Amino acid sequence: MTILHTVNKSPFEDSSLESCLRCSKAGSTILLIEDGIYGATEGTIISDKVKAAMADRTVCALQPDVEARGMKDKIIEGIKLVDYAGFVDLATENDTVESWL
Amino acid sequence: MPIEVNGKTIETDEEGYLVNLSDWNEDVALKLAESEGLEMDENRWEVVNFLREYYNEYQIAPAVRVLTKAIGKKLGKEKGNSKYLYELFPYGPAKQACKIAGLPKPTGCV
Amino acid sequence: MSDTTKKFLYLNRKAPYGTIYALESLEVVLIGAAFEQDVALAFVDDGVYQITKGQDTAGIGVKNFSPTYSALGDYDVNKIYVEKESLEARGLTVDDLLDLKYEDEDDDWAEKDSIRVVTAQELADIMDEQDVILSF
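Quick caveat, the model's predicted, so the values are computed rather than measured. Here, residues in each chain are numbered from 1, in the same order as that chain's written sequence. Think of it this way: whatever chain is written first is A, whatever ligand is written first is 1, and the rest follow in order. Two thresholds apply to this predicted model, a pLDDT of at least 70 for residue-level local features and 80 or more for giving and counting side-chain atom pairs, whereas whole-chain, interface and lining totals are computed over all residues. Hydrogens and waters are ignored; side-chain quantities use all the structure's heavy atoms.

Draft legend 1. Representation of the packing of helix α2 (residues 42-58) of chain B against helix α3 (residues 64-75) of chain B in the model. Residue and element names in this part refer to chain B. Think of each axis as a best-fit line through the C-alpha atoms, taken over the contacting stretch in the case of a helix, with angles from 0 to 180 degrees between the N-to-C directions. Here a helix means four or more residues in a row that DSSP labels H or I, a strand means two or more in a row labelled E, and each is numbered from the N terminus. In contact at an axis separation of 11 Å, α2 and α3 are set at 105° when each is read in the N-to-C sense. In this view, α2 runs roughly perpendicular relative to α3, as classed from their interaxial angle. Residues E46, V47, F50, L51, E53 and Y54 of α2 pack against V66, L67, A70, I71, K74 and L75 of α3. Partitioning the contact of α2 with α3 into residue classes produces nine nonpolar, no polar and three charged. We call two directions roughly parallel when the angle between them is under 35 degrees, roughly antiparallel when it is over 145, roughly perpendicular when it lies between 65 and 115, and oblique otherwise. In what follows, residue pairs with any heavy atoms lying within 4.5 Å of each other are defined as contacts. All amino acids are sorted into three groups, where Ala, Val, Leu, Ile, Met, Phe, Trp, Tyr, Cys and Pro are nonpolar, Asp, Glu, Lys and Arg are charged, and the leftover types, Gly among them, are polar.

Draft legend 2. Main features of the packing of α2(B) against helix α5 (residues 93-100) of chain B. Residue and element names in this part refer to chain B. The geometry of α2 relative to α5 is characterised by a closest axis approach of 9 Å and an angle of 80° between their N-to-C directions. Here α2 lies roughly perpendicular to α5, going by the angle between them. Note on element contacts: α5 touches α2 through A97, C98 and I100, opposite V47, V48 and L51. When the residues that make up the contact of α2 with α5 are grouped by side-chain class, the tally is six nonpolar, no polar and no charged.

Draft legend 3. Broad picture of the packing of aromatic side chains. Residue and element names in this part refer to chain B. Side-chain rings of Phe, Tyr and Trp, where Trp is taken by its six-membered ring, are said to pair if the distance between their centres is within 6.5 Å; with planes under 30 degrees apart they count as stacked, over 60 as edge-to-face, and otherwise as tilted. Under the definition given, this model contains eight aromatic pairs over all chains. Ring plane angle 55° and centroid distance 4.7 Å describe the contact between Y54 and Y58, whose orientation is recorded as tilted. Of this pair, Y54 and Y58 both sit in helix α2, four residues apart, which is roughly one turn of that helix. Exposure remark for Y58: the relative accessible area of 14% places this residue in the buried category. Only protein chains enter the accessibility calculation, which uses a 1.4 Å probe; a residue whose area is less than 20% of its type maximum is buried, one above 50% is exposed, and one in between is partly exposed.

Structural data, given as C-alpha coordinates:
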(Lines give C-alpha, C1' and ligand atoms only; values in the text may rest on other atoms or scores of the structure.)
Protein backbone atom coordinates (compact mmCIF):
# COMPACT_ATOMS: atom_id res chain seq x y z
CA MET A 1 0.00 0.00 0.00
CA THR A 2 1.23 3.50 -0.74
CA ILE A 3 0.29 6.37 1.50
CA LEU A 4 0.20 10.09 0.85
CA HIS A 5 0.81 11.83 4.18
CA THR A 6 -0.41 15.40 4.55
CA VAL A 7 0.64 17.71 7.38
CA ASN A 8 -1.17 21.02 7.89
CA LYS A 9 0.26 22.23 11.20
CA SER A 10 3.34 24.30 11.86
CA PRO A 11 6.14 22.00 13.09
CA PHE A 12 6.95 24.56 15.80
CA GLU A 13 3.50 24.41 17.37
CA ASP A 14 2.55 20.81 16.98
CA SER A 15 4.30 17.45 16.76
CA SER A 16 2.39 16.21 13.70
CA LEU A 17 5.31 16.66 11.27
CA GLU A 18 7.72 14.84 13.57
CA SER A 19 5.22 12.03 14.11
CA CYS A 20 4.67 11.79 10.37
CA LEU A 21 8.42 11.63 9.70
CA ARG A 22 8.76 8.92 12.36
CA CYS A 23 5.80 6.85 11.20
CA SER A 24 6.11 6.98 7.42
CA LYS A 25 7.77 4.29 5.31
CA ALA A 26 10.44 4.59 2.65
CA GLY A 27 8.88 5.34 -0.72
CA SER A 28 5.92 7.25 0.66
CA THR A 29 5.12 10.87 -0.12
CA ILE A 30 4.73 13.66 2.42
CA LEU A 31 2.84 16.77 1.33
CA LEU A 32 3.07 19.87 3.51
CA ILE A 33 0.05 22.17 3.31
CA GLU A 34 -1.31 25.29 5.09
CA ASP A 35 0.87 26.13 8.13
CA GLY A 36 2.62 22.80 7.54
CA ILE A 37 4.68 24.42 4.77
CA TYR A 38 6.89 26.09 7.38
CA GLY A 39 8.34 22.60 7.82
CA ALA A 40 9.65 22.82 4.24
CA THR A 41 11.79 25.89 4.93
CA GLU A 42 15.58 26.02 5.21
CA GLY A 43 17.61 26.74 8.33
CA THR A 44 15.03 25.89 10.98
CA ILE A 45 15.38 23.68 14.05
CA ILE A 46 13.58 20.93 12.15
CA SER A 47 15.08 21.21 8.64
CA ASP A 48 17.72 18.55 9.32
CA LYS A 49 15.04 15.99 10.16
CA VAL A 50 13.12 16.86 7.01
CA LYS A 51 16.26 16.56 4.89
CA ALA A 52 17.04 13.19 6.45
CA ALA A 53 13.57 11.94 5.52
CA MET A 54 14.08 13.11 1.95
CA ALA A 55 16.71 10.37 1.52
CA ASP A 56 13.98 7.76 1.09
CA ARG A 57 10.70 9.70 0.97
CA THR A 58 9.37 12.35 -1.37
CA VAL A 59 8.60 15.63 0.36
CA CYS A 60 6.35 18.15 -1.38
CA ALA A 61 4.78 21.46 -0.38
CA LEU A 62 1.64 23.11 -1.69
CA GLN A 63 2.76 26.11 -3.72
CA PRO A 64 -0.21 28.44 -3.06
CA ASP A 65 0.30 27.98 0.69
CA VAL A 66 4.05 28.59 0.32
CA GLU A 67 3.45 31.80 -1.65
CA ALA A 68 0.75 33.05 0.72
CA ARG A 69 3.23 32.84 3.59
CA GLY A 70 6.09 34.47 1.69
CA MET A 71 8.30 31.38 1.97
CA LYS A 72 8.96 30.75 -1.74
CA ASP A 73 12.67 31.59 -1.56
CA LYS A 74 13.24 29.60 1.63
CA ILE A 75 12.17 26.13 0.58
CA ILE A 76 14.72 23.34 1.14
CA GLU A 77 16.34 22.31 -2.13
CA GLY A 78 14.78 19.12 -3.45
CA ILE A 79 11.31 19.73 -2.04
CA LYS A 80 8.87 19.75 -4.89
CA LEU A 81 6.23 22.47 -5.06
CA VAL A 82 2.85 21.24 -6.28
CA ASP A 83 -0.33 23.14 -7.15
CA TYR A 84 -3.89 22.06 -6.37
CA ALA A 85 -4.04 19.82 -9.44
CA GLY A 86 -0.77 18.23 -8.31
CA PHE A 87 -2.34 17.60 -4.89
CA VAL A 88 -5.22 15.76 -6.58
CA ASP A 89 -2.76 13.75 -8.69
CA LEU A 90 -0.84 12.71 -5.57
CA ALA A 91 -4.07 11.70 -3.84
CA THR A 92 -5.12 9.50 -6.77
CA GLU A 93 -1.65 8.02 -7.35
CA ASN A 94 -1.55 6.72 -3.79
CA ASP A 95 -3.81 4.07 -2.28
CA THR A 96 -4.76 6.21 0.66
CA VAL A 97 -4.30 9.64 2.20
CA GLU A 98 -3.29 10.02 5.82
CA SER A 99 -3.95 13.51 7.18
CA TRP A 100 -1.87 14.29 10.26
CA LEU A 101 -4.30 16.75 11.77
CA MET B 1 -29.88 47.57 -1.47
CA PRO B 2 -28.58 47.41 -5.04
CA ILE B 3 -27.88 50.63 -6.93
CA GLU B 4 -28.10 51.11 -10.66
CA VAL B 5 -25.24 52.79 -12.54
CA ASN B 6 -25.09 52.99 -16.34
CA GLY B 7 -27.57 50.15 -16.61
CA LYS B 8 -25.52 47.91 -14.34
CA THR B 9 -26.87 46.72 -11.00
CA ILE B 10 -24.34 47.02 -8.20
CA GLU B 11 -24.72 45.42 -4.80
CA THR B 12 -24.37 47.45 -1.61
CA ASP B 13 -24.79 46.46 2.01
CA GLU B 14 -27.54 47.72 4.34
CA GLU B 15 -25.53 50.88 5.07
CA GLY B 16 -24.82 51.59 1.42
CA TYR B 17 -21.19 50.44 1.21
CA LEU B 18 -20.18 48.55 -1.91
CA VAL B 19 -20.13 44.79 -1.41
CA ASN B 20 -17.44 44.30 -4.06
CA LEU B 21 -14.63 46.83 -4.19
CA SER B 22 -14.04 45.94 -7.81
CA ASP B 23 -17.44 47.38 -8.79
CA TRP B 24 -16.12 50.89 -8.18
CA ASN B 25 -15.60 53.47 -10.91
CA GLU B 26 -16.05 57.24 -11.03
CA ASP B 27 -19.68 56.97 -12.10
CA VAL B 28 -20.39 54.67 -9.17
CA ALA B 29 -18.69 57.24 -6.91
CA LEU B 30 -20.95 59.99 -8.29
CA LYS B 31 -24.00 57.85 -7.60
CA LEU B 32 -22.85 57.02 -4.05
CA ALA B 33 -22.16 60.72 -3.42
CA GLU B 34 -25.61 61.59 -4.70
CA SER B 35 -27.17 59.16 -2.23
CA GLU B 36 -25.23 60.97 0.51
CA GLY B 37 -26.56 64.30 -0.80
CA LEU B 38 -23.06 65.42 -1.79
CA GLU B 39 -21.82 66.93 -5.00
CA MET B 40 -18.37 65.78 -6.03
CA ASP B 41 -16.07 68.76 -6.44
CA GLU B 42 -12.31 68.84 -6.76
CA ASN B 43 -11.71 68.84 -3.01
CA ARG B 44 -13.96 65.84 -2.40
CA TRP B 45 -12.33 63.89 -5.22
CA GLU B 46 -8.96 64.67 -3.69
CA VAL B 47 -9.98 62.99 -0.42
CA VAL B 48 -11.75 60.08 -2.13
CA ASN B 49 -8.74 59.41 -4.35
CA PHE B 50 -6.44 59.67 -1.38
CA LEU B 51 -8.50 57.03 0.46
CA ARG B 52 -8.36 54.70 -2.52
CA GLU B 53 -4.59 55.05 -2.71
CA TYR B 54 -4.28 54.44 1.03
CA TYR B 55 -6.44 51.33 0.80
CA ASN B 56 -4.47 50.08 -2.16
CA GLU B 57 -1.23 50.33 -0.25
CA TYR B 58 -2.30 49.18 3.24
CA GLN B 59 -5.50 47.19 2.63
CA ILE B 60 -7.44 49.21 5.20
CA ALA B 61 -9.46 52.39 5.31
CA PRO B 62 -7.70 54.66 7.80
CA ALA B 63 -9.31 55.82 11.05
CA VAL B 64 -10.28 59.49 10.94
CA ARG B 65 -7.37 60.57 13.13
CA VAL B 66 -4.97 58.83 10.78
CA LEU B 67 -6.72 60.21 7.72
CA THR B 68 -6.50 63.77 9.03
CA LYS B 69 -2.80 63.48 9.73
CA ALA B 70 -2.04 61.80 6.42
CA ILE B 71 -4.08 64.31 4.40
CA GLY B 72 -2.23 67.15 6.11
CA LYS B 73 1.06 65.62 5.13
CA LYS B 74 0.08 64.93 1.54
CA LEU B 75 -2.21 67.84 0.66
CA GLY B 76 -1.06 70.54 3.04
CA LYS B 77 -1.71 71.71 6.60
CA GLU B 78 -4.82 73.76 5.71
CA LYS B 79 -6.52 70.50 4.64
CA GLY B 80 -5.17 68.27 7.39
CA ASN B 81 -7.73 69.17 10.03
CA SER B 82 -11.08 67.76 10.95
CA LYS B 83 -12.91 71.06 10.35
CA TYR B 84 -11.96 71.01 6.67
CA LEU B 85 -12.79 67.32 6.28
CA TYR B 86 -16.12 67.61 8.09
CA GLU B 87 -17.06 70.53 5.85
CA LEU B 88 -16.56 68.28 2.85
CA PHE B 89 -18.18 65.23 4.46
CA PRO B 90 -20.55 66.42 7.20
CA TYR B 91 -21.56 62.94 8.36
CA GLY B 92 -17.97 61.95 9.01
CA PRO B 93 -15.06 62.01 6.57
CA ALA B 94 -14.01 58.43 7.18
CA LYS B 95 -17.56 57.12 6.92
CA GLN B 96 -18.89 59.12 3.97
CA ALA B 97 -15.71 59.48 1.98
CA CYS B 98 -14.94 55.77 2.39
CA LYS B 99 -18.38 54.91 1.12
CA ILE B 100 -17.95 57.09 -1.96
CA ALA B 101 -14.47 55.64 -2.48
CA GLY B 102 -16.04 52.17 -2.57
CA LEU B 103 -14.13 51.02 0.51
CA PRO B 104 -15.41 49.03 3.46
CA LYS B 105 -16.35 50.96 6.59
CA PRO B 106 -13.16 51.89 8.47
CA THR B 107 -12.15 49.46 11.20
CA GLY B 108 -13.15 50.87 14.55
CA CYS B 109 -15.69 53.26 13.06
CA VAL B 110 -19.14 52.84 14.58
CA MET C 1 0.76 61.35 27.62
CA SER C 2 -1.88 61.72 30.28
CA ASP C 3 -2.07 59.89 33.59
CA THR C 4 -4.85 57.68 32.26
CA THR C 5 -2.68 56.28 29.48
CA LYS C 6 -1.99 52.63 29.98
CA LYS C 7 0.67 50.47 28.44
CA PHE C 8 -0.83 47.77 26.24
CA LEU C 9 1.16 44.90 24.78
CA TYR C 10 -0.31 42.66 22.12
CA LEU C 11 1.47 39.32 22.20
CA ASN C 12 1.22 37.52 18.84
CA ARG C 13 2.19 33.85 18.71
CA LYS C 14 0.37 32.34 15.71
CA ALA C 15 1.20 32.12 12.02
CA PRO C 16 -1.09 34.04 9.64
CA TYR C 17 -3.81 32.36 7.49
CA GLY C 18 -3.77 28.92 9.17
CA THR C 19 -5.86 30.34 12.01
CA ILE C 20 -7.74 33.61 12.50
CA TYR C 21 -5.69 34.85 15.48
CA ALA C 22 -3.27 37.03 13.50
CA LEU C 23 -5.98 38.94 11.67
CA GLU C 24 -8.12 39.30 14.80
CA SER C 25 -5.17 40.70 16.72
CA LEU C 26 -4.39 43.22 13.98
CA GLU C 27 -8.00 44.41 13.91
CA VAL C 28 -8.08 44.84 17.68
CA VAL C 29 -4.80 46.78 17.52
CA LEU C 30 -6.25 49.15 14.91
CA ILE C 31 -9.45 49.65 16.86
CA GLY C 32 -7.57 50.04 20.14
CA ALA C 33 -5.23 52.61 18.60
CA ALA C 34 -8.18 55.01 18.37
CA PHE C 35 -8.14 55.24 22.17
CA GLU C 36 -4.61 56.67 22.12
CA GLN C 37 -3.07 54.29 24.61
CA ASP C 38 0.60 53.39 24.65
CA VAL C 39 0.53 50.35 22.38
CA ALA C 40 3.30 47.87 21.65
CA LEU C 41 3.29 44.63 19.70
CA ALA C 42 5.41 41.55 20.31
CA PHE C 43 5.90 38.74 17.84
CA VAL C 44 6.97 35.44 19.39
CA ASP C 45 6.98 31.80 18.21
CA ASP C 46 5.09 31.40 14.90
CA GLY C 47 3.84 34.97 15.36
CA VAL C 48 7.06 36.13 13.65
CA TYR C 49 5.65 34.71 10.40
CA GLN C 50 2.91 37.36 10.45
CA ILE C 51 5.37 40.07 9.45
CA THR C 52 7.49 38.24 6.87
CA LYS C 53 8.07 39.88 3.50
CA GLY C 54 6.76 38.66 0.17
CA GLN C 55 3.38 37.21 1.20
CA ASP C 56 1.16 36.60 -1.83
CA THR C 57 -2.22 35.06 -1.09
CA ALA C 58 -3.62 35.16 -4.64
CA GLY C 59 -3.43 31.36 -4.82
CA ILE C 60 -5.38 30.64 -1.63
CA GLY C 61 -8.21 33.14 -2.06
CA VAL C 62 -7.65 34.84 1.29
CA LYS C 63 -6.96 38.53 1.83
CA ASN C 64 -3.28 39.32 2.27
CA PHE C 65 -3.30 41.53 5.35
CA SER C 66 0.48 41.84 5.67
CA PRO C 67 0.51 45.32 3.97
CA THR C 68 -1.61 46.61 6.85
CA TYR C 69 1.29 46.22 9.32
CA SER C 70 3.00 49.03 7.40
CA ALA C 71 0.13 51.36 8.38
CA LEU C 72 0.77 50.84 12.11
CA GLY C 73 3.21 53.76 12.15
CA ASP C 74 0.33 56.06 11.07
CA TYR C 75 -1.62 54.75 14.07
CA ASP C 76 1.27 55.68 16.41
CA VAL C 77 2.05 52.03 16.99
CA ASN C 78 5.79 52.09 16.65
CA LYS C 79 7.14 49.65 19.21
CA ILE C 80 7.25 46.30 17.50
CA TYR C 81 9.29 43.71 19.36
CA VAL C 82 10.37 40.48 17.71
CA GLU C 83 11.89 37.74 19.80
CA LYS C 84 15.37 36.81 18.60
CA GLU C 85 15.14 33.17 19.67
CA SER C 86 11.92 32.66 17.68
CA LEU C 87 13.50 34.10 14.53
CA GLU C 88 16.58 31.91 14.89
CA ALA C 89 14.60 28.70 15.44
CA ARG C 90 12.85 29.41 12.13
CA GLY C 91 15.97 30.27 10.11
CA LEU C 92 14.84 33.88 9.78
CA THR C 93 16.63 37.19 10.24
CA VAL C 94 15.34 40.74 10.48
CA ASP C 95 15.95 41.02 6.71
CA ASP C 96 13.14 38.52 6.14
CA LEU C 97 10.70 40.84 7.91
CA LEU C 98 8.66 43.74 6.58
CA ASP C 99 10.42 47.09 6.70
CA LEU C 100 8.15 48.73 9.27
CA LYS C 101 8.75 52.44 9.83
CA TYR C 102 7.28 55.35 11.74
CA GLU C 103 7.85 59.09 11.75
CA ASP C 104 9.10 60.46 15.03
CA GLU C 105 7.07 63.54 15.94
CA ASP C 106 9.65 64.58 18.55
CA ASP C 107 12.53 64.36 16.10
CA ASP C 108 11.32 66.51 13.17
CA TRP C 109 9.34 63.57 11.73
CA ALA C 110 12.46 61.56 11.01
CA GLU C 111 11.66 58.11 9.66
CA LYS C 112 12.70 55.37 12.06
CA ASP C 113 12.49 51.60 12.28
CA SER C 114 9.62 50.23 14.35
CA ILE C 115 10.98 46.71 14.65
CA ARG C 116 13.30 45.90 17.52
CA VAL C 117 14.69 42.40 17.79
CA VAL C 118 14.89 41.50 21.48
CA THR C 119 16.00 38.45 23.44
CA ALA C 120 13.55 36.43 25.50
CA GLN C 121 15.11 37.97 28.60
CA GLU C 122 14.52 41.50 27.29
CA LEU C 123 11.00 40.61 26.29
CA ALA C 124 10.33 39.35 29.80
CA ASP C 125 11.33 42.79 31.11
CA ILE C 126 9.13 44.52 28.52
CA MET C 127 6.17 42.35 29.54
CA ASP C 128 6.82 43.22 33.14
CA GLU C 129 6.43 46.95 32.40
CA GLN C 130 2.93 46.63 30.89
CA ASP C 131 -0.43 47.45 32.40
CA VAL C 132 -2.29 45.10 30.07
CA ILE C 133 -1.13 42.17 27.92
CA LEU C 134 -3.44 40.81 25.27
CA SER C 135 -2.49 37.41 23.93
CA PHE C 136 -3.34 36.18 20.43
